[in-house]
Structure formats: C-alpha cells, structure tokens
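These are the residues of each chain, in order.
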Amino acid sequence: MKNLRDVAATPGRLTLGEAPEGFDALVLADLARARAEAGEGSVLHIARDDTRLAAMEEALAFFAPDIEVATFPAWDCLPYDRVSPNPEIVSRRMATLSRLAGRKDAGRPFVLLATVNAAVQRLPARGMIAASAWSAHVGNRIDLDDLSAYLVANGYARTGTVRERGEFAVRGGIVDIFPSGFEAPVRLDMFGDTLDAVRSFDPESQRTTATLSHVALVPASEIHLDAEVIRRFRAAYVAQFGAATDNDPLYEAVSEGRKHQGMEHWLP
C-alpha cells in the first residue's frame with residue numbers, strides 16, 4: 001500500500017472513506033504536507049455543512065497547527081432572496097478569495113475548507129479579486145475621493161458611524177473602515193493628503209485599541225460595480241424584463257452604482 005507522499009506525487013484520483021470524524025483531520029493534514037513536499041499545491045476539503053466545516057477547522061488547529069488553513073463558507077440565504085448574505089460571511093469569503101488570489105508559496109501545506117453549497121456557487125474571476133486589492137502605509141499620499149470611489153465600487157456601504165463589516169465613514173480628514181477579514185475596524189487619520197496614522201478601534205466605544213503601520217483592503221462584496229458591470233446589468237435586465245420603470249429600486253440602485261439589499265442574487 002502506498003503512503004500519502006507517494007500518492008501525492010502520483011497523478012490521478014485518491015478516494016479515502018470511512019475515516020472516523022476527528023481522525024479525518026489527521027489524514028487531511030498528512031495529505032496536505034505530502035502534496036506540499038511534492039510541489040502539488042493545496043488541498044480542498046468539502047464538508048457536508050457549516051457544522052462539519054467548523055469541526056474540521058477546529059480539529060486541524062489542534063492536530064496540525066503547522067498547516068495553513070482557510071475557510072470558505074456558503075451564503076446564509078436562499079437563491080433570489082430579498083436580503084443580501086450576512087456581512088460577516090461575505091467578509092470571510094472575500095478575505096479567503098483575496099488570500100488565494102495572492103498566494104504564491106506552493107511549498108507550504110495549505111488546506112481550504114468549504115461546504116457543498118459554497119463549492120457549487122460561481123465566483124468572481126481570480127484576476128478581478130487580485131486587481132481589487134488596495135493598500136497604504138503611514139506617510140503615503142491618499143486622494144480621499146479616489147478612496148471613497150474604490151470603497152463604493154467594491155461593496156462598502158457609506159454610513160455615519162462604522163459598526164459592521166463592509167461599512168465606511170468619512171468625517172473631514174478621518175476615514176473609518178471595517179474591512180473584510182479584519183476583527184476590528186480601522187481609522188485612517190489624514191494630515192492634508194498624507195496618511196498620518198492608522199489605528200484599529202472598538203466599534204462599540206469607538207476607542208482606539210491598537211496602532212498599525214499600514215492597512216490592506218480587499219472587496220467587501222462579490223459584486224464590483226464598475227461602469228462595464230453596470231452597463232452589462234442594465235442591458236441584460238432590460239432584455240429579460242423589458243424597460244425599467246421609475247419604481248424599480250434594484251435597477252435604479254445598480255444604475256447609480258449603489259449597494260442594494262439582495263443584489264448579489266442577480267449576479268447571473
């Protein structure tokens with residue numbers, strides 16, 4: 001019988017079955033290490049539901065802390081629902097997609113955990129995700145109008161006070177953002193057009209919790225509302241449903257490049 005290192009270096013399909021829950025994490029970890037040694041890249045594990053995904057993530061953290069693990073959950077709503085997916089779930093999805101788009105170290109063991117529902121859902125192109133990254137270090141020059149336009153185009157909602165993921169607020173020379181993949185929002189302090197400081201803060205008390213040297217942003221939505229996307233949506237929408245009326249809030253919002261509840265379900 002071949003060991004996992006031999007199997008990982010052999011092209012073809014590997015089927016493992018009847019591994020007890022808990023022990024399957026050990027098997028998955030060994031397979032990930034073997035594939036990394038063979039230069040075969042990462043391992044995708046598809047769990048049956050969110051409960052099993054969380055259990056596998058916890059087991060891998062316990063049995064294989066040396067292995068890099070990323071999770072990719074499914075949306076928590078039904079197709080063509082009138083509400084958007086939970087912002088925290090979208091944040092985790094976009095953080096993972098951005099992580100995958102920028103990942104280059106094929107020699108390090110890596111496991112991507114997803115569910116059946118997440119695996120069958122169509123996703124933005126890798127190139128779009130990679131091109132949508134934005135970063136700045138303290139001392140860099142930033143155009144606030146350009147930054148605001150980037151945030152709106154990439155799914156961030158402008159609010160008066162930032163409390164949830166995917167929100168941002170601009171007050172004079174201060175920009176608050178709750179980026180995808182972050183545990184806490186960040187505050188950009190501007191001195192003129194120069195980034196003077198970056199701080200994380202508590203969304204409840206609005207008090208500073210840490211000082212950072214830089215900030216890296218990724219999209220907060222799987223929809224990138226640039227001019228070409230809006231043009232294609234308008235044309236396809238009219239072709240499917242006829243001329244839009246004045247009381248069509250979805251068509252109006254997308255046409256203006258604004259976020260609208262449930263708009264993610266219209267990606268097809």
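Details of the structure are given in the entry above.
Okay, so let's go over this structure. (Residues numbered from 1 in each chain as written. Predicted model: local features only at pLDDT ≥ 70, side-chain atom pairs only at ≥ 80, totals over all residues. Heavy atoms only, no water.)

Here we look at the side chain of Thr-115
- Along the chain, Thr-115 turns up in strand S3 (residues 110–115).
- For Thr-115, a relative accessible area of 4% translates into the label buried.
- Once you skip the residues sitting within four places of it in the chain, Thr-115 turns out to touch Ile-46, Ala-47, Asp-49, Asp-50, Leu-53, Phe-72 and Ala-74. (Helix = DSSP H or I, 4+ residues; strand = E, 2+ residues; numbered from the N terminus. Buried < 20%, exposed > 50% of the residue type's maximum accessible area, 1.4 Å probe, protein only. Contact = heavy atoms within 4.5 Å.)

Brief notes about the environment of Thr-209
- Checked against the element boundaries, Thr-209 lands in strand S10 (residues 208–212).
- Thr-209 gets classed as exposed once you look at its relative accessible area, which sits at 52%.
- Residues Thr-209 and Ala-184, spaced 25 residues apart in sequence, show a C-alpha to C-alpha distance of 9.0 Å.
- If we skip the residues at most four places from it in the chain, Thr-209 touches Ser-200, Phe-201 and Asp-202.

Comments concerning helix H7 (residues 144–153)
- Of all the residues in H7, the buried ones are Leu-147, Ser-148, Tyr-150, Leu-151 and Ala-153.
- Tucked inside the fold, the buried residues of H7 contact strand S4 (134–137), strand S5 (157–158), strand S6 (167–171), strand S7 (174–177), strand S8 (186–191) and strand S11 (214–217).
- The N-cap of H7, judged by a side-chain oxygen 2.9 Å from the amide nitrogen of Asp-145 a few residues on, is Asp-143.
- Positive phi appears at Gly-155, one or two residues downstream of H7, with a value of about 90°. (Polar contact = N/O pair within 3.5 Å; in protein donor to acceptor, adjacent residues only side chain to side chain.)

Concerning the nonpolar core
- Core analysis: the largest hydrophobic core is formed by 18 residues, its most contacted members being Trp-134, Leu-147, Leu-151, Ile-177, Leu-188 and Leu-217.
- When contributions to this core are tallied by element, the ones reaching two or more residues are S4, H7, S7, S8, strand S9 (194–201) and S11.
- In contact with Leu-217, other than residues within four places in its own chain, are Ser-132, Ala-133, Trp-134, Leu-147, Tyr-150, Leu-151, Ile-177 and Pro-179.
- Counting residues in hydrophobic clusters, the runner-up holds 15 residues, among them Leu-28, Ala-32, Val-43 and Leu-60. (Core = buried A, V, L, I, M, F, W, Y, C linked by side-chain atoms within 4.5 Å.)

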